[in-house]
Structures are given as structure tokens and as C-alpha cells.
Amino acid sequence: MSRDLDALTASTLKYLRERWWDDNFARFLAEVLQPRPGCRLLDVGCGPGTAEFSLADHGLRDATIVGVDLAFDKLDQTTAQPWPDGVRLAFAAADAAALPFACASFDSTFCVAVLQHVNSIGDPVREFARVTRPGGRIVVVEPDNSARYWYSSAETGMQAFEVASRFYSAVALSGGDTTEPAVGPKLTQIFAQHGIQPLSVQLFPVSVTRIGNPPWEVWENRLEMARQATARARDEAVRRLGIEYRRLLERYAEEAAVAGRDFVEIQSTPLFATTGRRLAE
Ligand SMILES: C[S@@+](CC[C@H](N)C(=O)[O-])C[C@H]1O[C@@H](n2cnc3c(N)ncnc32)[C@H](O)[C@@H]1O
């Protein structure tokens, strides 16, 4: 089942990893990390190792990259493709909030789309500062999930987006999720509080435009995700909102089918790539 960019299926960018790892983003990261021959880089929340493989493709040579992730199934996927030449890779299971490394053991540390899933953001950022040598780079890339842009040519599409935003936020809250949806723009302040001098912020929009009625799988995925989220909700009011949302989705799918080739849907979420320099103690 397709899990494409969708403000109608989740409150965060969690299904969109492949959407931001394009050449432009990989080139940016390779440049901003300032890798020198023999340097050691740490990737926190590395997932299936996309950064490691992309950076090797973008000229990173004679470096060691250590990737850590909380999820064993993600780490298992790092062995699914042949490891690139010229870069030494190591992967391990670890929590961003308690990194199993000595102080100042990396030249640069980076973290992409991870803190949006973490409840207490200060803890991992403190760890990034601890394990990075003074003067080293720290790059954190996170979205502002509260600033999603949405356009639909169908009237019900605009309503569906509004109800989806309320519904998925309520589902997250009712499940005890206290993550910060607008983490992206707050990173410079969080850096400054943990001994990291903010140097720059660059925005990368993660976007999809659909022209013409999307294939049935898109609608099926939206309906199925809404069904699963409704079943997960602990609160009766949230379940009712889920049922209302599914009805809206069905109506929206019908309107899109009637519009056919004239149907248009545009969505985008900004990713904030914040670069900082680890200050000396
Ligand atoms: C959206 S994926 C991003 C993966 C990768 N950084 C990328 O850009 O392709 C988020 C990853 O963060 C990991 N993660 C979530 N919380 C974590 C934590 N506290 N410590 C380490 N990894 C964590 C998840 O297991 C998942 O692999």
C-alpha cells in the first residue's frame, strides 16, 4: 500500500523519508558537515542508512560514519544494499537521548527528521553537543508540522485537510504523544541553550502536487490510515471525529472522481536544516 506524502494520513512527515533525500539535499549535507579526510561523523536516528549511502555518492571519502537508531528493524535494512567504497560505516542501536559514546568523539554530528518523534528535545541536543568536539559541526534537520501548506481544487478537500489536522493531532495527544510539531524553527534557540552556536538555517520544502484524480490506492490508503487511527484512539470524542473524517474523505474521493483531469491537490511541509558549531567549554 502506498504511503506517500500526505497531510491526510498523519500529523508528521514520518512516511516521507524518500521525499527529502534528493541530490540537492544530500549535496547540502555533504557540504555543511565540512568533512575532512579521516573525520568521524555521527548520524543519529539513521533509519535504514539513507544518509550514509547518499553522502558516499556525493563525494564523501575517507571518512567514518557511525549511524545509530532506536529501531532494530531499521538497522537491519542497512545491510540490504552493498556498502559504498571509500567510506567506513558502522551501525548500532542507541537512543538519541543517551548516546553510548565518549565526550568529543566525533568531528560532526547530524540528525534528520528524528526530533519530531522525541518527547524531550533538549536531551538529544545536549548529547549532540557532548559527543561533538569543540569547533565541530552539528546539523539538525526537522520539519514544522504545524505549518503544512495545503491546496485542493475541491471544496471538500479543504475541509478534509482541516479535519485531518485536528483528528491526527487529537489521536497523537490521546495516545500520550507530547512531541513538538513545530520543532524545526525552534532549533536555533535549543542549540544556543546547549552550547552550540547557530550558524545558518536553510529551508527544504517537502512537496507533492497531484494533477488529475489520483489512483484509487491513494484514496484507499487515506481511508485505511484514518480507520486504523480511529481504532487506536482512546477517547470517544476522537473516535467520532475519525468517523466524520472518513465520511469527508469518501465525499472528497467522489468529488475528485467527478473533476477527473481538472482535479488539483498541492501539499508541502518545510524542513528546517539548522547548522551550528560546538562551542568550547
Ligand atoms: C523519519 S525516520 C528518519 C530516518 C533518517 N534520519 C532519514 O532521514 O532517512 C526517523 C528515525 O528516527 C528513529 N528514532 C526515533 N526516535 C529515536 C531516538 N530516541 N533515538 C534514536 N533514533 C530514534 C526512528 O527509529 C527512525 O528510524
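Since the structure is predicted, the reported quantities are computational estimates derived from the model, not experimental observations. (Residues numbered from 1 in each chain as written. Predicted model: local features only at pLDDT ≥ 70, side-chain atom pairs only at ≥ 80, totals over all residues. Heavy atoms only, no water.)

### Things to note about a nonpolar patch on the surface
A surface patch of nonpolar side chains, about 290 Å² in accessible area, is lined by Y149, Y151 and M158. Position of Y149 among the secondary structure elements: in strand 6 (residues 149-152). According to the relative accessible area criterion, Y149 is partly exposed, its value standing at 45%. (Patch = residues over 30% accessible without salt bridge, like charges linked within 9 Å, V, L, I, M, F, W, Y side chains within 5 Å. Areas by Shrake-Rupley, 256 points an atom, 1.4 Å probe, with all protein chains shown as cover. Salt bridge = Lys/Arg side-chain N within 4 Å of Asp/Glu carboxyl O. Helix = DSSP H or I, 4+ residues; strand = E, 2+ residues; numbered from the N terminus. Buried < 20%, exposed > 50% of the residue type's maximum accessible area, 1.4 Å probe, protein only.)

### Focus: the side chain of S54
You can see S54 is positioned in helix 3 (residues 50-57). Look at S54 and you get buried, because its relative accessible area is 12%. A distance of 2.7 Å separates a polar side-chain atom of S54 from the backbone oxygen of T50. Apart from residues lying up to four places away in sequence, S54 is in contact with W21 and A26. (Polar contact = N/O pair within 3.5 Å; in protein donor to acceptor, adjacent residues only side chain to side chain. Contact = heavy atoms within 4.5 Å.)

### Looking at the nonpolar core
Counting residues in hydrophobic clusters, the biggest one holds 28 residues, and the most contacted among them are W20, W21, F25, L29, L55, F110 and V112. The element best represented in this core is helix 2 (residues 23-32), accounting for 6 residues. F167, W219, V238 and L241 belong to the second largest nonpolar core, which has 27 residues in total. (Core = buried A, V, L, I, M, F, W, Y, C linked by side-chain atoms within 4.5 Å.)

### Considerations on the pairing of strand 4 (residues 106-112)
Burial analysis of strand 4 places 7 of its 7 residues in the buried class, the great majority of the element. The pairing of strand 1 (residues 40-44) with strand 4 spans 4 bridges and is parallel. The residue of strand 4 that forms the bridge with L41 is S108. Relative to strand 5 (residues 132-143), strand 4 is paired through 6 bridges, and the arrangement is parallel. Residue pairing across strands places C111 opposite V140, the latter belonging to strand 5. As a crossover connection, the stretch from strand 4 through helix 5 (residues 122-131) into strand 5 is right-handed. (Pairing = 2+ DSSP bridges. Right-handed = clockwise from strand over helix to strand, strands pointing away.)

### Looking at the domain arrangement of the chain
Per the domain assignment, the segments of the chain are domain 1 (17-144 + 179-205 + 271-278) and domain 2 (147-175 + 209-265). For domain 1 versus domain 2, the distance between C-alpha centres works out to 32 Å. (Domains from an automatic or database assignment.)

### Some points on the pattern of salt bridges
Close approach of charged atoms allows side chains with opposite charge to pair. Overall, the coordinates contain 14 salt bridges when judged by the stated rule. The partner of D62 in a salt bridge is R88, and the shortest N-O contact between them spans 3.4 Å. A residue pair is termed long-range when its members are at least 10 positions apart, and D62 in the loop between helix 3 and strand 2 (63-69) and R88 in strand 3 (residues 87-93) qualify at 26 residues. One continuous salt-bridge network, built from bridges that share partners, spans D6, R210, R222 and E265.

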